[in-house]
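Chain by chain, the residues run as shown.
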Amino acid sequence: MKTVTLAVALALTLTGCLIISSDKTETEGTEVGVETLKQIVPGTSEEEVLTLLGPPTSRKPVSEGAELLRWEYRRTRSQGTVVFLLFAGTCQTSESGTIYVTMKDKQVERI
């Protein structure tokens, strides 16, 4: 009876050591919420936009005195589980977004 009890206790103890899981989230860029976007309307100064959104991912001239500014973000979450010698699985999800703002003469023309 002692042998069976010891074997069960040992098995229960070891199973905690045999399962490994991980959860990792990586973010690139700055995610911009709806409330922040509502503050950016035609006529808003470039300085105010940069204060709200931070530096853009890129800038591209589109015409005389006009420039297209782009902000991108990506969030990737990776989850994994390994059961020693039996199973290994991973799941990865991503979400991303891009905001474009056209500036003309240092003011928002279009968002």
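See the structure shown above.
Nothing here was measured: the structure is a model prediction, and the numbers come from that model. (Residues numbered from 1 in each chain as written. Predicted model: local features only at pLDDT ≥ 70, side-chain atom pairs only at ≥ 80, totals over all residues. Heavy atoms only, no water.)

Digging into the nonpolar core
So the rule is basically this: Residues belong to a common nonpolar core when they are buried Ala, Val, Leu, Ile, Met, Phe, Trp, Tyr or Cys residues joined through side-chain atoms within 4.5 Å. Note on classification: 1.4 Å probe, protein chains only; a residue is buried when its accessible area is under 20% of the maximum for its type, exposed when over 50%, partly exposed between these limits. Note on conventions: DSSP H or I runs of at least 4 residues are helices, E runs of at least 2 residues are strands, and numbering of each starts at the N terminus. Two residues form a contact once any of their heavy atoms are found within 4.5 Å.
Listed in full, the 10 residues of the largest apolar core are Val32, Ile40, Val49, Leu53, Leu69, Trp71, Ile99, Val101, Met103 and Val108. Looking at this core, the elements with two or more residues in it are α3 (46–53), β3 (66–83) and β4 (87–104). Among the elements that take part in this core, β4 stands out by supplying three residues, more than any other. Once residues within four sequence positions are removed from consideration, Ile99 is found in contact with Val32, Leu37, Leu69, Arg70 and Trp71.

A word on α3
Here is the rule we go by: The directions considered for the arc are those from the helix axis to the C-beta atoms.
Restricting attention to buried positions, one finds in α3 the residues Glu46, Val49 and Leu53. What you see down the axis of α3 is that its buried residues fit within an arc of 60°, all on one side. Along α3, the residues that are exposed and aim more than 90 degrees away from the buried face are Glu47 and Thr51. Gly54 lies just past α3 and shows a positive phi near 80°.

A few points about the environment of Glu26
Here Glu26 shows up in strand β1 (residues 19–29). Each C-alpha atom of the pair Glu26 and Thr76 lies 5.3 Å from the other, and the pair is 50 residues apart in sequence. Leaving out residues up to four positions away in the same chain, Glu26 has contacts with Arg74, Arg75 and Thr76.

Comments concerning the environment of Trp71
Rules: Here a polar contact is recorded for every N or O atom pair within 3.5 Å, except that within protein the pair must consist of a potential hydrogen donor and a potential acceptor, and residues adjacent in sequence are included only if both atoms are side-chain atoms.
In this fold, Trp71 is placed in strand β3. Between the C-alpha atom of Trp71 and that of Thr30, which follows or precedes it by 41 residues, the distance is 7.8 Å. Not counting chain neighbours up to four residues away, the residues in contact with Trp71 comprise Val49, Leu50, Leu53, Gly54, Pro55, Pro56, Thr57, Gly97, Thr98, Ile99 and Val101. Looking at Trp71, its side chain comes within polar contact range of the main-chain oxygen of Gly54, at 2.9 Å.

What about the environment of Glu95?
As for its placement among the helices and strands, Glu95 is situated in strand β4. Between the C-alpha atom of Glu95 and that of Tyr73, which follows or precedes it by 22 residues, the distance is 8.3 Å. Glu95 has contacts with Glu31, Tyr73, Arg74 and Arg75, leaving out every residue within four places of it along the chain.

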